[in-house]
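One letter stands for each residue in the lines below.
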Amino acid sequence: MVEIQEVLKEAEQVGVLSGAGLSAESGIPTFRGKDGLWNRFNPTELATFEAFQEDPKLVWKWYIWRMHLIANSKPNPAHYAITEMEKLFPRFLHITQNVDGLHREAGGKKFVELHGHIFDGKCRFCGKHYTAEEFSELFPIASKTFLKSITEETLKGEVFRKIDEGELPFCRNCGEIVGPGVVWFGESLPEEAIEKAFNFAEGCDVLLVVGTSGVVQPAASIPLIAKRKNAVLVEINPQETPLSPYCDFVFRESASSALPKLIGLLKR
Ligand SMILES: [Zn+2]
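No experiment lies behind these values; they were computed from the predicted model shown. (Residues numbered from 1 in each chain as written. Predicted model: local features only at pLDDT ≥ 70, side-chain atom pairs only at ≥ 80, totals over all residues.)

A. Spotlight on the overall build of the protein. Of regular secondary structure, the protein possesses 13 helices and nine strands. Radius of gyration (C-alpha) of the protein: 19 Å, near the 18 Å computed for a compact globule of 268 residues. Split into buried and exposed, the 268 residues of the protein put 40% on the buried side. In the protein, 69% of the contacts between residues at least 6 apart in sequence involve partners at least 24 apart. (Helix = DSSP H or I, 4+ residues; strand = E, 2+ residues; numbered from the N terminus. Rg over C-alpha atoms; globule rule 2.2 N^0.38 Å. Buried ≥ 20, exposed ≤ 12 C-beta atoms within 10 Å, placed from the backbone. Contact = placed C-beta atoms within 7 Å.)

B. Structural detail: the sheet that holds strand S6 (residues 179-182). With antiparallel pairing, three strands are arranged side by side in an open sheet as S5-S4-S6. In this open sheet, the two edge strands, each paired with only one partner strand, are strand S5 (129-130) and S6. One ladder, built from two bridges, connects strand S4 (residues 116-122) with S5; its direction is antiparallel. Within S5, the position partnered with Lys 122 by the bridge is His 129. (Pairing = 2+ DSSP bridges.)

C. Up close: the nonpolar core. In this structure, Val 206 and Leu 207 are the most contacted members of the largest nonpolar core, which totals 38 residues. Broken down by secondary-structure element, the contributors of at least two residues to this core are strand S1 (13-18), helix H6 (77-88), strand S2 (91-96), helix H11 (191-202), strand S7 (206-210), helix H12 (221-228), strand S8 (232-236) and helix H13 (255-267). Examining the composition of this core, we find that five residues originate from one element, S7, more than from any other. Counting residues in each nonpolar core, the second largest holds 21 residues, with Phe 52, Trp 62, Cys 123 and Cys 171 among its members. (Core = buried A, V, L, I, M, F, W, Y, C linked by C-beta atoms within 7 Å.)

D. Representation of the sheet that holds strand S9 (residues 249-251). Here we have six strands laid out as an open sheet, ordered S3-S2-S1-S7-S8-S9, and parallel in their pairing. At either margin of the open sheet sits one strand with a lone partner, and together these are strand S3 (111-113) and S9. Ignoring strand direction, the axes of neighbouring strands in this sheet form an average angle of 15°. Bridge count for S2 against S3 is three bridges, and the pairing is parallel. Counterpart to Ile 95 in the pairing with S3 is Val 112. (Axes fitted to C-alpha atoms, helices over the stretch in contact; angles between N-to-C directions.)

E. Structural view of the domain arrangement of the protein. When the domains of the protein are assigned, the result is domain 1 (1-28 + 75-114 + 189-268) and domain 2 (30-72 + 116-182). With centres defined by C-alpha atoms, the gap from domain 1 to domain 2 works out at 29 Å. Between domain 1 and domain 2, the residue contacts involve seven residues of the former and eight residues of the latter. The residue inventory of the side of domain 1 that touches domain 2, partitioned by class, reads four nonpolar, one polar and two charged. (Domains from an automatic or database assignment. Nonpolar A, V, L, I, M, F, W, Y, C, P; charged D, E, K, R; others polar.)

F. Layout of the packing of H6 against H13. H13 packs onto H6 with a crossing angle of 30° between their chain directions and a minimal axis gap of 8 Å. Taken together, the axis directions place H6 and H13 in an arrangement best described as roughly parallel. Considering only the axes of H6 and H13, their crossing is left-handed. The segment H6 lies against H13, with Pro 77, Ala 78, Ala 81, Ile 82, Glu 84, Met 85 and Leu 88 engaging Ala 255, Ser 256, Leu 259, Pro 260, Ile 263 and Leu 266. Residues of the contact of H6 with H13, tallied by class, amount to 11 nonpolar, one polar and one charged. (Parallel < 35°, antiparallel > 145°, perpendicular 65-115°, else oblique. Left-handed = near helix turned anticlockwise from the far one by under 90°.)

G. Examining unusual backbone geometry more closely. With a phi close to 70°, Asn 230 is a non-glycine residue in the positive phi region. Locating Asn 230 in the fold gives a position in the loop between H12 and S8. The class for Asn 230 is exposed, based on 8 C-beta atoms found within 10 Å.

H. View of H13. In a regular helix each residue adds 1.5 Å, so 13 residues correspond to 18 Å; H13 covers 18 Å between its end C-alpha atoms and thus fits that length. Of the positions making up H13, those classed as buried are Ala 255, Ser 256, Ala 258, Leu 259 and Leu 262. Next to the buried residues of H13 lie helix H2 (20-23), H6, S7, S8 and S9. (Expected span 1.5 Å × (residues − 1).)

I. Layout of the pairing of S4. Within S4, seven of the seven residues are buried, which leaves the element mostly enclosed by the surrounding structure. Bridging between S4 and S6 involves three bridges; their strand directions are antiparallel. Each residue of the ladder has a partner; that of Gly 116, found in S6, is Val 182.

Printed below as a string of structure tokens:
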């Protein structure tokens, strides 16, 4: 039987498709946080343009609360392993559905973020996109550096009070309130990112599917596109997924345990 390291050593174009499982061991809570503060809200009702138009203060408080959790998390060994993979293959792309940006913090450069980046800003009224750096100037209380420096108590006290008093990011372009740079329910994915991901998948020798259930479209079709073009599919997931039957190699373990092991094998 061919071993995975042999397949990877021959590969020139390697992709990683990742989901929430990649960041699970960084302590990033799933979408439905357990915080009592938000129990009475349904996240699918907060992450929409309609909710934002109705109550931008509430939606921003919820996002800043999430951003605070993310700002105080760290990349785990799986993120660093993916950064190392960038250097091992002539062509590499990390296609992620995560908005936490921990792959950036781990030094990753070759990535596309299908669902955006939570520290960016996006004006839904005029379409202007703010990078995390630009957005932290426009809305300092949502900057990662600031959120890293404060306690949850300060967040729920002082910061939420500022939002209640009207401290919100107003677009430099059109004057409307800017929202977070993530894809909301009912919105389409950034075209450029999805195109890059699909094109890359078509030419992949190997695609690693890491910590994603493979049910959310259109990301779920990426492995199938790669498979159709004869790519070797590798699944890294503690649980079986609808994609499992299509995979050539399966690792039933967490990303932070399997990926560093793979890198070790490649370097041998
Ligand atoms: Zn605008």
